[in-house]
Structure formats: C-alpha cells, structure tokens
Amino acid sequence: MSILDEQTWENVKRIFAEALELPARDLERYLDKACGGDETLRAETASLLAAHDRTEHDSDFLSPFEDTQPDRDSNVGRRVGPYRLERHLGSGGMGAVYLAGRDEGDFEQRVAIKFVRGVDPGAVQRFETERQILARLEHPNIARLLGGGLLEDGLPYLAMEFIEGEPLTQYCEKRNLSLADRLGLFMHVCNAVQYAHNSLVIHRDLKPSNILVAEDGVVKLLDFGIAKLFDPSHETGPPTLTQNRAMTPGYASPEQLRGESVTTQSDVYALGVLLYELLAGRPPYETSDKTPHQLEQLVCETTPPGPSSTARHAWGRKLRGDLDTIVATAMHRDLARRTGSARELAQDIARHLAGQPVQARADSAIYRLGKFVSRNRVGVAVSAGIVAIIAAGVLATLRQTRIAEQRFEDVRSIANTQLIRLHDAIRDVPGTTEARRELVDTALRYLNQLEAQGAHDQALQLEIAEGFERVGEVQGDPNYPNLGDLGASLASYERALAIREQVLALDPRDLEHTYLVAHSRGRLANVLSWSGRNEDMFRESESAVRMLGEVLEREPAHARAFQDRAQFRSAYGWSLIWAGRLDEGKAMLEDARADLEAVVREHPDELEPRLLLASTLNYECDFYRFRMDWASSIELLRQAFALLEPLHEQYPGHPRVGKTLRSTGVQLGLSLHRHGEVEEAVATLRRAIEVSEALQSRDPMDRTAREGVALAYGHLGKVIVDTPESSEGFALLERAVEIRKALAAENPENIELRNALAGAHGDLADAGRRTETNLREALGHAERSAALQQELIAIEARSTFQGNFAIQLFQIAALHQLLASNEAGDAGEDGEVGEDEIVIRLEKSRETFDRCLAVLDEMEKAGTLTEIYADTRREGLEERAKVVRMLADRTGGRG
Amino acid sequence: MTDRDPKPVTRLLGEAAAGREEAMGELIPLIYEELRTIARRQRYRHRPFETLHTTALVNEAFLKLAGREGATWENRVHFLRAASRAMRDVLVDYARRQRAGKRGGGQSDQPLDDALDLPDLPDVKADEVLEIHDALTRLEAQDARQARIVELRYFTGLNVPETAEVLGISPITVKREWAVAKAWLRRLLDGDGA
C-alpha cells in the first residue's frame, strides 16, 4: 500500500468523514462529485469506506484488552459445578483448560474443564442449546462432553472426557508406524467424523492437536463442535483469521478462509489435510511464515503437490496414483468436486487397501445432478437471461444441498431459505422434475430434524411450517408443477398446519398467525379434494374462508388474505359443483370471480391473479356443463381464453399458463362441439393438443403434463369419431386410455386418476356405441369402466362416481341391445347366431338398464340427480322399453 | 515497589511537560520495566477469573512511579503519552514470547516463559497484537497522529476523552481519526488494495 501525499490523504479523510454521514444510497453519487474525477482519491476513499463497513460488524476489532481470562494457579482447588480443578493443562484461543476431578460419589472421575472466553451474555441460550446437542454425541472415538454450564459470574465452562494421549501425527511419526497402520487409524477418524455429521455436528477445527491417540492406541477426537461455541463472528463477521477463532491455518478449508458457510465438507477438507500429513510426514502448506492474506491465497488458489512428491518416508512412491488422488479429491477447492463425506473418504481408503479401484476420481451424485439440471435446461426455450439467473441459483444451492448432514443453522438455512429460493427459481422451469425430487427428499429430511430440535422457538417453528408447505407444494399440489405424490403432499401440508395451529394457540388473536392457519387450511383443502376426501375438503375450505374473512374484517388491506380467499373459494366452489352441490358451488365461484376481477383490475400486469381468474372461469363453466348450458359455458371460456393467450405469448415456457390454456382450450372445444359448432371445436381442440404436447415434451416426467395430453387426445378423439376422421378419433382415444392406465398404475392412491381412466374407457365405449363400430371392444371398455367406477364408489360415495357408474351401465345395456340387433340381422342372413343367444343378450341389456335406473333413482333420492344424469334416466327408460318390446317380439315369436 | 524512589520519574515527567524530548525517551524504559513488573505480580483479588486490563495496569504503574507528590493530572497526561509506547512494547514482547512458547496445542501443558508470568493472552489476541504492531509502523508513515491514537486506544485502553487529553486535540478529532485509522488497518490486514 503506497503512502499518499499529504494533500490527497487530507482529502481522503475529509471525504471519508463526510461519506459516513450519508445514507448508503447517496454514496456513489457523493463520491463521484467529491472526488471530481481523481481516480486515486476515489479508489482510496471507497476502499477505506468498505473496510470501515467491515469494522462496523466486528466489535472485537481493536477492542482493548479486557478479555475474561482464567488465571491459572489461583483457580486450582476451585469448585466448578460438581468438579474441583486440579491442574492447569493449557490455554488456547478458546480459553483455559484444567484437569478436574469429580469429588462426589464413590469413584473419582477425571475430566477436562474448558473455560470459555468471549461468550456474549446474549448468546448464552445458543450456548446451552449447542451444548445439549454436543452432549448427545456418543462414539468410542469422540471425547465425550459430560456437562457444563455457567459459573456464578456468568463465565461458561464445559466438562469433557479427559484424554491422555498425543496428537495423531506425532504418534505416527514417533513410532514410525507403517503406511497401512496410519491408514487404519485415519479410517477411525473418518468414522468418528461421519458419526458426528450424522448427528448434525460439524467439528470446524479438525487438526492433529484435536485428534489424540490414547495410551491404549484408541483414537479420540477432541472438541467436536466446540469451535462454533466460541466463534463470535459466526453469523456476520468478515473472513479474516484475526477474528475467526474457529479455524487453524493450514487446516481451514478455502470456504472457511473466505468466510463462507462451513459445511460437513469443510471437515472433509481438514481430513484431507490430515491424511496428507500422515502420508507425507509434513503438512501440504507451509503456514508459519505467511500472513493471513497470503495463506488465504495459497489455500484458495493453489493446489499443493501430491504427498507422493513431498513424502519424507520411504513409501513416497507408493502414494502415487490412488492415495495422491484420494488426498487431492478430499482437499478439492471446489465443493462440488470434493469428496462428499467422511464416509466416502473412508470407503475409498478401504478400497485402496483391498486393491479395488477407488472412487475419488468419479464425480459425486450431486455433481451429476448439477450437470443434469444444467443439461436439461439447455434444451429449454427459456430466455438466456432467465437461464443464467436460475443456473447460478441452482448450482449454488445444489452445492449446499449435497451436504450430507448439517448443523442446526445450516440445516435451517437450507431447509427454508435455500430450498425455497431454488424451488421458486425452478418451479416454473420445465425439465426440472428430477432435480426437484432430489431437493424435496433432502429438504424433508432436514425439516424433520429441525422440527425435533427447535420445539420452543416460535419463529423457527413458523419457518419450518413454511418449509413443509413448500415441500408439500412440490410433492403433489396439483396447483403447481409437482412430483405427483398426493399422499406425501397431504402429509406435509398437515404438518405445516399443525405447527401453525400450535403457534396460533399461544395468541389466538394474532392476525398474521390467523392468516397463516387459514392459508394452511386452504392449501390442505385443495390437496384433499384431489385425494377424493371431499368432506374433509369442505370442512377445511369452510374454515379457511371464514378465518380469512375475519382477517380481512380486521385488516381490509391484507392483500394475501384477499387473494387467498378468492383462490380457496374458487377451489371450494369447484369441488362443490363436482360433488353435485351445483348452486352453492356456483355462488362460491361467483364470489371468487368478483374478487379476482378486482385484483386483476388493480394489478393488471401480475401473472398470478390473471391465472387464478382464468382457472375460476374454467371452474364456473363446469356448472353450465352440468346444466348442459353450452352457450353460457362458451361465453365464460372465451373470456378465459382472452386472458390466457396473451399470457402464453408473454410466458411461452410457463407450465401453469400452458396448463390452464390447454384445459380452457379443451373445455371450450367441448362446449363448442356440444353447441354444434364442430369446425371451431376441432380447431380449438387441436390447439389444446399443440399446447399440451409442447408442455409434456419439456418435462416428460411431469404428471400433470401427461394428464393434459391424455385429456386433450380424449376430447378431440370424442369429437372426431363422429366425423370423416373417425379412425383418427379412435386412435386418439386409445392413446388416451394408455396414458391414463400408466398414470393410474403409477399412483394407486390417487382416485382421480382412476376416475379418469374409467372415463377414458367410457369414452371409447361411447364412441363405439354412437358410431356403431367396434361394438365388442366398446362393450369391453364399458365393462372395464363400470368396474372401475364401482371400485371408486366403494372408496367414496361421490355422486359423480355414481352418475358415471350409471352412465357406464347404460352403455353396457345399450351395447348389448345393439349387439343383439346386429346379431339378429346377421342371424337372419347367415343363421350363425342362435336365437337363444340373442335373447340372453337382450335380457342382459334389460337387467343392466334396471341396474342403471336403480342407481339413478338412488341419486334422485339423494338430491344429486343433475340434468346430465336425468337425461340418462329418460333415455334409459326409453331404451329399456325398446328392449322389453324386442324381447316380447322374440319370445312371442317363438311361443 | 513502594520503596522505589519516585523522584527520577517525577523529574522526567516535569521535563517532558516542559518540552524536553529526551526526557520522554528516558521515561519509556522505566515505565516499560514497571509495567512488566506489575503485570507479573498481578493477582486478582476480587474476581476469580480476571482480565488483563491494560488501563488498570498503566494506572497502577503511574501511581507507583510518580508517587504521591508526582501524581498530578498534568503528570498523568505526560505519563500516559510515554506509557502508551511502553505498553505497546510490553504487549508485543509478550505476544512474541507466548507465540514462541506455543507449538501444538490441545490439552497438553505448554509452560510459557516463567519470567513473563502474565495471564495468558488469547492466541487470537496475541496474533492481533503482532499484526497491529506491524501495521501500525506502516500507518505511522502515512499519518503519525493516527498511529498514536491507535496506540493510546488499543494498546493502552484509553477512551476518547483521555486520548484527546493526552494528544491535546478535540475528542471529535480523535473520533474521526480513529474511524479512519481502524478502516485503514482493517484494509491492510484484509489484504485489500495491497
């Protein structure tokens, strides 16, 4: 750093002092003006201001000498908790260590008492929590934390298993241990580290002096997780060796030196350094003559020569190959390329010892996952800018998520912040299903661990609830691109709700917590409806809508509550309609629509409200579909279309926009067809197929995308079987059945998918019946469909299942009737079909009509006989009469 | 040490006040010795686990050296000016010895230089003392007054008004210069702009 001339220096000081008075946002402008183009002056002042910011976050820097310091000898004999100090053992950056004895009871227990320096009184709670976690570590190679607490003057102490031994490296050198013996001891170290990692504890300061070999030859790791208790700059401190007590030059990983978050892989790095030292007899980096900055550069930017080339031992050449590679991989500067865990490291050593090929060169699973994500994204037509932003987020987060096990805060940050950020980043990016599945598994594991540990921390509990909600969303909330696991989604949503309810119970008047519970209920309701649990769905929806109403009454400007209420009413209304409660459903949907129209008016550029409004219009049209009021249906769907086409142009790869556009297209095409506008119907349905196939090609695993394709095929198929393209129509319907079959088989718990499969079979049956072709196949499909509907009714007495069952019975009856007529005609010509068989078929037909009518009667009694089924009944009665007449003709003719 | 003749120090303090620069030079080794002696003997009576409190150390040394007569406010200011340099030397010497005595770590006993039987400095503080000491020699080249402020505030533990008094400048100036000096040192230690 060069010395500035006096004039420049005076200017620097003046501008610096003035800049400190300014708000941060005005800083750049002020510097430009004050420095008047003098680059030296500006650079000097700016770098000093940056350094000043760092000093602001570090109250320790240049603080006078007032550190609490146990004075050694005067403390001997002093009582600390149940122990009595016997001898001063040493002092280090963390504090002083004494040998102490427990003078109660019959046996003499010797412990090491560690006095903790510089624990901020505000951090005592954290200290206690950490201490309890550490006390649970029980492993033969880890020195146990036996107790601890605060002295009467507030000084924290820890009581630890007392180990007499010497540092591992020294032990090996003094005894001139063989290579194999060294590797054996090292594997013990790895196993102990892995054990701690599994218990969410990172050592943070692994080094030879913390790894002792006791007299009996057993390796003991000291101070596990202790470093963190003493690290005041843990959260915010800038990365310098000066203040970060929790690292040791030469063993600290590049990420620790840079002040980035410490992970289990930081310990793996330190294990790599240790292994290096055991193999070579010297450390990889010479640290004693380096400034902290030089050291950081050395570790973060250079790769040390392999231990084979620096070894002081005769076996140097043996290290070439496997062991050099194992060390280099464990010490890799890039976390994504570094050995993933202590276990992997130990396994590789074992492979080496057994003469098997080592894995160190192979890329880790998450490294491959990172590749997968980036590879898949390349093929996706999303603008380059978005890809770049997402890729950066994904890779950073994947690096985080690959960490096998993490300590509390790290877990917390991953489970909540990291996952949510990543999830939001890739939620609407096609092609990310696999990546999201991995993420969800990881996140869920973390959340489960967190929930157990943070039981009394309300803020943390709310974070965990949010974590569960996000996980539930990705697992199987049909409102979002999801992994299609409804059961898992339901479980996660229920966890989120339970946590939020507990928090609300502490203060039932709390507005935000009321909102959160309502929000949870609404989310849960939606997934319940897709699991076929309509009654539960209604109960949760009812409660969510009511609670949101309360929130809005007290806080009318609560925008999230307002939009949520509209969204939940929309889903609720739709479910009511499908449960046969048409008028209630319609009223609910109209409320939702009015609210959403208001939101769209107020925020015309926002995606979400427009999408919700389009969905709501779609739902509402189902009301008219049940009423067979095609004109009204068409009118609503055209409105939805008008909302969606511009959105689809604006967000061409957006799955939810695509999905909503597809379903609107399908519904509109269908209504147009029913309304007799066949040409426009076919064109609209072809557009829907276009959209759905494009959606699916972007992410072949996405369940809703596959469903969408089946849906579009099915509907176009139904429309064109009546046209000259009849055979294309049958082909489409067959393909729809195949897709539905696969989906239902993959998700046996999802009754909607089984219902859809039943519908697809029914569609083929209907097509055959109406076109009077493929009648026998049609009968098979109708019977399959009816059987499926019967299974569904056994699970849930839903009116639509009953209605569909009735319709399939109608089809079976009608198909028997048709077959009987055809066979009768054939019989007249060829005499191949016996008269008896025709009669049997007609009797089957009549019986089936009877069963069909009985189901419909039951529905009438239950008040769920909507017009569509009333029509079926009317038709059924007429057809039955025909069959009875045909039978009478036959039997009368014979008799 | 009560039997020590305070007069030479009082005389030197008087001369320093009168502007005789050599007096300061003579004072420093005296104070240095005294500081070490007090530190070595320091036994804390009130709390079981006490601190190495440099201000207390310097004050005690001043009372000893100046004696009852010489302990005037004026003399104290001159004393502190000299003591801050001595205190810096004591701490640097001390940190160097502690670091030399420290190899390895863990729970093994690492006896330090018995002649310097001070309470242990935290390692991190020992490193910091040496780093700041080195950095301060460079700051002296850029801004000698700032280096003096750091010496008084960091090594001697004076507060802003005391520092202002010793240097004969306003507390506001001390504050402003202190902020710049801290940033300057932080930047140097972080290796920015090197």
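Within every chain, residues take consecutive numbers counted from 1 along the sequence as written. As they are written, the chains are lettered A onward and the ligands numbered 1 onward, keeping that order. Where local features are concerned, this predicted model is filtered to residues with pLDDT of at least 70; where side-chain atom pairs are given and counted, the filter is 80 or more; whole-chain, interface and lining totals use all residues. Excluded from the side-chain calculation are hydrogens and water; included are all heavy atoms of the structure.

(A) The overall build of chain B, seen in detail. A run of DSSP states H or I qualifies as a helix once it reaches four residues; a run of E qualifies as a strand once it reaches two. Both are numbered from the N-terminal end. Helix and strand counts for chain B stand at eight helices and zero strands. Ordered by position from the N terminus, the helices and strands of chain B form the series α-α-α-α-α-α-α-α. Split into buried and exposed, the 194 residues of chain B put 56% on the buried side. Here, two residues are considered to be in contact whenever any of their heavy atoms come within 4.5 Å of each other. Counted over contacts in chain B with a minimum sequence separation of 6, partners at least 24 positions apart contribute 65%. Surface exposure of chain B reaches about 8400 Å², of which carbon and sulfur atoms provide 51%. Relative accessibility under 20% of the residue-type maximum defines a buried residue, over 50% an exposed one, and the middle range a partly exposed one, all with a 1.4 Å probe and only protein chains included. Working definition of accessibility: Shrake-Rupley area with a 1.4 Å probe, residue cover restricted to the visible protein chains.

(B) Main features of the packing of helix H24 (residues 582-602) of chain A against helix H25 (residues 607-627) of chain A. Residues and elements named next belong to chain A. Closest axis-to-axis distance for the H24/H25 pair is 9 Å, and the angle between their directions is 155°. Classed by the angle they form, the pair H24 and H25 counts as roughly antiparallel. Once H24 is placed against H25, the crossing between them reads as left-handed. Across the interface between the two elements, Leu582, Asp583, Lys586, Leu589, Glu590, Ala592, Arg593, Leu596, Glu597, Val599 and Val600 from H24 touch Pro609, Arg610, Leu612, Leu613, Thr616, Leu617, Tyr619, Glu620, Phe623, Tyr624, Phe626 and Arg627 from H25. Polarity classes work like this: nonpolar for Ala, Val, Leu, Ile, Met, Phe, Trp, Tyr, Cys and Pro, charged for Asp, Glu, Lys and Arg, and polar for all others, with Gly in that last group. Partitioning the contact of H24 with H25 into residue classes produces 14 nonpolar, one polar and eight charged. Geometry is summarised by axes, namely lines fitted to C-alpha atoms with helices restricted to the contacting stretch, and by angles between N-to-C directions that run from 0 to 180 degrees. If an angle is under 35 degrees, it is roughly parallel; if it is over 145, roughly antiparallel; if it lies from 65 to 115, roughly perpendicular; otherwise it is oblique. Definitions for this section: a left-handed crossing has its near helix turned counterclockwise from the far helix by less than a right angle. A right-handed crossing has that turn clockwise.

(C) The sheet that holds strand E9 (residues 219-221) of chain A, seen in detail. Residue and element names in this part refer to chain A. Two strands pair under a simple rule: DSSP has to find at least two bridges between them. Sheet architecture is open: three strands sit in the order E7-E8-E9, paired in antiparallel fashion. Unpaired on one side and paired on the other, strand E7 (165-167) and E9 mark the two borders of the sheet. Neighbour to neighbour, the strand axes of the sheet diverge by 35° on average, direction disregarded. Pairing analysis gives three bridges linking E7 to strand E8 (residues 211-214), with the strands arranged antiparallel. When the sheet's bridge partners are listed, proline 167 is paired in E8 with leucine 212. Packed onto the sheet, helix H7 (residues 179-198) meets E8 and E9 and runs at close to 35° relative to E9.

(D) Main features of the pairing of strand E4 (residues 109-115) of chain A. All names here are of chain A. Buried residues dominate E4, accounting for six of its seven residues. Note that E4 and strand E6 (residues 156-161) share five bridges and pair antiparallel. Pairing of phenylalanine 115 across the sheet is with tyrosine 157, part of E6.

(E) Looking closely at the environment of A:His519. All names here are of chain A. Assignment of secondary structure puts histidine 519 in helix H21 (residues 511-530). Histidine 519 gets classed as buried once you look at its relative accessible area, which sits at 9%. Along the backbone, histidine 519 and arginine 565 are 46 residues apart, and their C-alpha atoms lie at a distance of 8.6 Å. Setting aside anything within four residues of it in sequence, one finds histidine 519 in contact with Glu469, Arg500, Asp564 and Phe568.

(F) Just helix H28 (residues 678-698) of chain A, in detail. Residue and element names in this part refer to chain A. Expected helix span is taken as 1.5 Å per residue step, with the number of steps being one fewer than the number of residues. Here H28 contains 21 residues, and its C-alpha end-to-end distance of 30 Å stays within 8% of the 30 Å for a straight helix at 1.5 Å per residue. Of the positions making up H28, those classed as buried are Ala681, Val682, Thr684, Leu685, Ala688, Ile689, Val691, Ser692 and Leu695. Summarising the contacts, the buried residues of H28 are in contact with helix H26 (630-650), helix H27 (655-674) and helix H29 (703-720).

(G) Main features of the environment of A:Pro478. Residues and elements named next belong to chain A. Along the chain, the position of proline 478 falls in the loop between helix H19 (458-476) and helix H20 (486-506). Along the primary structure proline 478 and serine 489 are separated by eleven residues, whereas in three dimensions their C-alpha atoms are 9.7 Å apart. Look past the residues within four positions of proline 478 in its chain and what remains in contact with it is Leu486, Asn526, Val527, Trp530 and Lys659.

(H) Focus on the confidence of the model for chain B. Residues and elements named next belong to chain B. The predictor reports its confidence for every residue as pLDDT, a score running from 0 up to 100. Counting all residues, the mean pLDDT for chain B is 70, and 53% of those residues have values of 70 or more. No element of chain B has a lower mean pLDDT than helix H1 (residues 7-17), which averages 65, and none a higher one than helix H8 (residues 171-190), which averages 91. Here residues 1-6 is modelled with pLDDT under 50, and outside its nearest four sequence neighbours on either side it reaches ten contacts, counting other chains as well. Low pLDDT, under 50, characterises residues 103-117; the predicted model gives this stretch 31 contacts beyond four residues in sequence or across chains.

(I) Expanded view of the confidence of the model for chain A. Residue and element names in this part refer to chain A. Residue-level pLDDT values for chain A average 80, and 81% of them are 70 or greater. Below a pLDDT of 50 lies the segment residues 67-72, which in the model reaches 31 contacts outside its immediate sequence neighbourhood of four places, other chains included. Here residues 232-246 scores under 50 on pLDDT; set against residues more than four positions off or in separate chains, the count is 42 contacts.

(J) The packing of H19(A) against H21(A), seen in detail. Residue and element names in this part refer to chain A. Running from amino to carboxyl end, H19 crosses H21 at an angle of 20°, the nearest separation of the two axes being 12 Å. Of the possible angle classes, the one that applies to H19 and H21 is roughly parallel. When you trace H19 past H21, the crossing you get is left-handed. Across from Gln458, Leu462, Glu469 and Glu473 in H19, the residues of H21 making contact are His513, Leu516, His519, Ser520 and Arg523. Residue composition of the contact of H19 with H21, grouped by class: two nonpolar, four polar and three charged.

(K) Quick peek at the nonpolar core. Think of a nonpolar core as a cluster: buried Ala, Val, Leu, Ile, Met, Phe, Trp, Tyr and Cys residues, connected wherever their side-chain atoms sit within 4.5 Å. Core analysis: the biggest nonpolar cluster contains 63 residues, and B:Val150 and B:Leu185 have the highest contact counts within it. Excluding anything up to four places from it in sequence, B:Val150 contacts B:Ile132, B:Leu136, B:Leu139, B:Phe155, B:Trp178, B:Ala181 and B:Leu185.

(L) How the structure looks around the pattern of salt bridges. All names here are of chain A. By salt bridge we mean one thing: a side-chain nitrogen of Lys or Arg within 4 Å of a carboxyl oxygen of Asp or Glu. Counting across every chain of the model gives 62 salt bridges over all chains. Glutamate 620 is the salt-bridge partner of arginine 593, the closest N and O atoms lying 2.7 Å from each other. A residue pair is termed long-range when its members are at least 10 positions apart, and arginine 593 in helix H24 and glutamate 620 in helix H25 qualify at 27 residues. An identical accessibility class is assigned to arginine 593 and glutamate 620; each is buried. The partner of arginine 687 in a salt bridge is glutamate 690, with the nearest N and O atoms 3.1 Å apart. Of this pair, arginine 687 and glutamate 690 both sit in helix H28, separated by three residues, roughly a single helical turn. Under the relative-accessibility criterion, arginine 687 is labelled partly exposed at 25%. Connected through shared salt-bridge partners, Glu501, Arg521, Arg533, Asp536, Arg539 and Glu540 make up one network.

(M) Layout of the packing of aromatic side chains. Note on aromatic pairs: the rings of Phe, Tyr and Trp (six-membered ring only in Trp) are paired at centre separations within 6.5 Å, and the planes decide the class, stacked below 30 degrees, edge-to-face beyond 60, tilted for the rest. Evaluated as defined, the whole model comprises five aromatic pairs over all chains. Between A:Phe538 and A:Tyr572, the ring centres sit 5.8 Å apart and the planes meet at 40°, which makes this aromatic pair tilted. On the criterion of sequence distance, the pair formed by A:Phe538 in helix H22 (residues 534-554) and A:Tyr572 in helix H23 (residues 559-578) is long-range, its members being 34 residues apart. Comparing A:Phe538 with A:Tyr572 shows no difference in burial state: the two are buried. Seen in terms of ring centroids, B:Tyr154 and B:Phe155 are 4.8 Å apart; in terms of plane orientation they differ by 70°. Their pairing is edge-to-face. A relative accessible area of 0% means that B:Phe155 is categorised as buried. Criterion for a charge above a ring: Arg CZ or Lys NZ at most 6 Å from the ring centre, at most 35 degrees from the ring normal. Over the ring of A:Phe623 we find A:Lys586; its NZ or CZ atom is 5.3 Å from the centre of that ring. In this structure, B:Arg153 is placed above the aromatic ring of B:Trp178, and the distance from its NZ or CZ to the ring centre is 4.7 Å.

(N) Quick peek at unusual backbone geometry. Residues and elements named next belong to chain A. Unlike most non-glycine residues, asparagine 176 shows phi in positive territory, near 55°. Within the secondary structure layout, asparagine 176 lies in the loop between helix H6 (168-174) and H7. Despite not being glycine, arginine 204 shows a phi value in the positive range, around 80°. Mapping arginine 204 onto the fold places it in the loop between H7 and E8.

(O) Up close: the environment of A:Ser520. Residue and element names in this part refer to chain A. Checked against the element boundaries, serine 520 lands in helix H21. Each C-alpha atom of the pair serine 520 and glutamate 501 lies 9.3 Å from the other, and the pair is 19 residues apart in sequence. Beyond its immediate stretch of four places on either side in the chain, serine 520 contacts Glu469, Ala496, Leu497 and Arg500.

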